[in-house]
Amino acid sequence: MSQKLGKRSRSRAEVMSRDGECIYCGQPTTHQEHMPPIGMFRKRDRASGMEFATCAACNNGTSAADLVASFMARIDANGALGDWRFQEAFAQRNMLMELAPGFLAELLSPARVEPVLLNTNGVLTRQAMIKADGPLTKAYLDVFSAKLGMALYREHTDSRLPDHGGVQAWWYLNFGLAIKDVEQMLSIMPLAGRLAQGRKTSDGQFNYRCNTDNKSIVVALVSFHDNLHVSFAATSDPQFYNLPFEHPRARFTKPGQIAGMMPKVTPSQLIMLPGLGGAPYTSLRIPARRA
Ligand SMILES: [Zn+2]
């Protein structure tokens, strides 16, 4: 059999037997986790690789953060409204309202949306500039960024981030990253990463550059659809590497903390109403609201 470029895909059994401890918190593993998540990719068509084992709480409890990141990665000021990314983002709105209640209302609140005129090849078009600085947006993307850092640490060092380790992570949207900062970061990150399965790759949807000693530290700059960018340093020895360092937007996270960083959402309530015309009950689903 010929060996194809890219890593061999692993079966679920292989993934689960490889890691007995959750890569995010160290608890016993029960679930297979894809990082980046399947929903990040066009039509959920994800090349294999980067499957990890996690506990139920980390897997189920942070799926809203994956959904928000997949949504934000598709909202691009340079895209057209007919673009598939917009269509897929728009199609996610009901699931977002269910899993991350309040997030869309926060993101699209009038105080955060500013109409702007963009000059595209001499043609002026009306666009909306969204200031993504709300507390829910930050909480979800902070969780996603920390998860990504811990997953790539596992990928490159062959062991989970230990409890005494930590990941300092921060994220940007399209306009937030200056070219000179990117060039400076890339100059110290010689390795290029992506998912590749035969000829199917994650190019344009998930690419990263990183530097690592393959045992104690991974630093990386990760791009999703050229719109959401995550930068992080994940290390088993924060003291040696002087982490966390001063940074206005970076968050330092230790293993076991991500589930607790998720915004508190009360479960949807099911209200039973007397039914009409023979049906005993009509159920009305009331979306959960944050207190
Ligand atoms: Zn866990």
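Refer to the structure presented above.
Thresholds, definitions, all that
Residues numbered from 1 in each chain as written. Predicted model: local features only at pLDDT ≥ 70, side-chain atom pairs only at ≥ 80, totals over all residues. Heavy atoms only, no water. Helix = DSSP H or I, 4+ residues; strand = E, 2+ residues; numbered from the N terminus. Buried < 20%, exposed > 50% of the residue type's maximum accessible area, 1.4 Å probe, protein only. Contact = heavy atoms within 4.5 Å. Areas by Shrake-Rupley, 256 points an atom, 1.4 Å probe, with all protein chains shown as cover. Pairing = 2+ DSSP bridges. Donors = N, O, S within 2.8 Å, 3.2 Å for Na, K, Ca; no water. Tetrahedral: all angles 85-135°; square planar, octahedral: opposite > 155°, others 65-115°. Salt bridge = Lys/Arg side-chain N within 4 Å of Asp/Glu carboxyl O. Axes fitted to C-alpha atoms, helices over the stretch in contact; angles between N-to-C directions. Polar contact = N/O pair within 3.5 Å; in protein donor to acceptor, adjacent residues only side chain to side chain. Phe/Tyr/Trp six-rings, centres within 6.5 Å; stacked < 30°, edge-to-face > 60°. Lys NZ or Arg CZ within 6 Å of the ring centre and 35° of its normal.

Caption draft 1: Quick peek at the overall build of the protein. Along the backbone of the protein there are nine helices and 14 strands. Residues classed as buried in the protein amount to 46% of the 291 residues present. In the protein, 61% of the contacts between residues at least 6 apart in sequence involve partners at least 24 apart. Just so you have it, the protein exposes about 15700 Å², and 56% of that area is on carbon and sulfur atoms.

Caption draft 2: Looking closely at the environment of Val 182. Along the chain, Val 182 falls in helix H8 (residues 179–187). Classification of Val 182 as buried rests on a relative accessible area of 18%. Along the primary structure Val 182 and Leu 221 are separated by 39 residues, whereas in three dimensions their C-alpha atoms are 8.5 Å apart.

Caption draft 3: The pairing of strand E10 (residues 217–224), seen in detail. Counting buried positions over the eight residues of E10 gives eight, a clear majority of the element. Side-chain alternation along E10 places Ile 217, Val 219, Leu 221 and Ser 223 on one buried face and Val 218, Ala 220, Val 222 and Phe 224 on a second face that is also buried. The loop that links strand E9 (residues 206–212) with its antiparallel partner E10 comprises four residues; one of these, Asn 214, has a positive phi angle of about 65°. When E10 meets strand E11 (residues 228–235), the two strands line up antiparallel, connected through eight bridges. Its bridge partner lying in E11, Ser 223 is registered against His 229. Where E10 hands over to E11, the hairpin turn is made up of three residues, of which His 225 adopts a positive phi near 55°.

Caption draft 4: Layout of the coordination of the zinc ion. For the zinc ion, the full set of protein donor atoms is Cys 22 (SG), Cys 25 (SG), Cys 55 (SG) and Cys 58 (SG), and the range of their distances to it is 2.2 to 2.4 Å. Note that the zinc ion binds four donor atoms; their angles at the metal cover 104 to 118°, and the shape is tetrahedral. One chain supplies every donor for the zinc ion, spaced along it as C-x2-C-x29-C-x2-C. Of this pair, Cys 22 sits in the loop between helix H1 (12–18) and strand E1 (31–34) while Cys 55 sits in the loop between strand E2 (51–54) and helix H2 (56–61), and the two are 33 residues apart along the sequence. Each member of the pair, Cys 22 as well as Cys 55, is classed as buried.

Caption draft 5: Just the pattern of salt bridges, in detail. Evaluation of the coordinates by the stated rule reveals 15 salt bridges. In this structure, Asp 142 engages Arg 251 in a salt bridge whose closest nitrogen and oxygen atoms are separated by 3.9 Å. Remark: Arg 251 occurs in strand E12 (residues 251–253) and Asp 142 occurs in helix H7 (residues 135–157); sequence separation between them is 109 residues. For Arg 251, a relative accessible area of 36% gives the class partly exposed. Several salt bridges share partner residues, and in doing so they unite Arg 18, Asp 19, Arg 154 and Asp 158 into one network.

Caption draft 6: A look at the sheet that holds E12. An order of E6-E9-E10-E11-E5-E12 is seen for the six strands of this open sheet, with the pairing classed as antiparallel. Edge positions in the open sheet fall to strand E6 (191–193) and E12, since each of these has one partner strand only. Sheet twist, expressed as the mean angle between neighbouring strand axes with direction ignored, is 20°. Where strand E5 (residues 166–172) meets E12, three bridges bridge the pair, whose relative direction is antiparallel. Looking at E12, one finds that Ala 169 is bridged to Arg 251. Taken strand by strand, H7 contacts E5, E9, E10, E11 and E12, and its axis lies near 55° from that of E11.

Caption draft 7: Inspection of the side chain of Ser 145 at higher detail. Position of Ser 145 relative to the elements: it lies in helix H7. Look at Ser 145 and you get buried, because its relative accessible area is 1%. Polar side-chain contacts of Ser 145 include one of 2.7 Å to the backbone oxygen of Leu 141. In this structure, Ser 145 is in contact with Ala 169, Trp 171 and Val 230, ignoring residues within four places of it in sequence.

Caption draft 8: Geometry of the packing of aromatic side chains. Under the defined criterion, the tally for this structure stands at seven aromatic pairs. Geometrically, the ring pair formed by Phe 240 and Tyr 241 is edge-to-face, given 5.0 Å between the ring centres and 90° between the ring planes. A network of ring pairs unites the aromatic residues Phe 144, Phe 206, Tyr 208 and Phe 224 as a single cluster. Directly above the aromatic system of Trp 171 lies the positively charged group of Arg 249, at a separation of 4.6 Å from the ring centroid.

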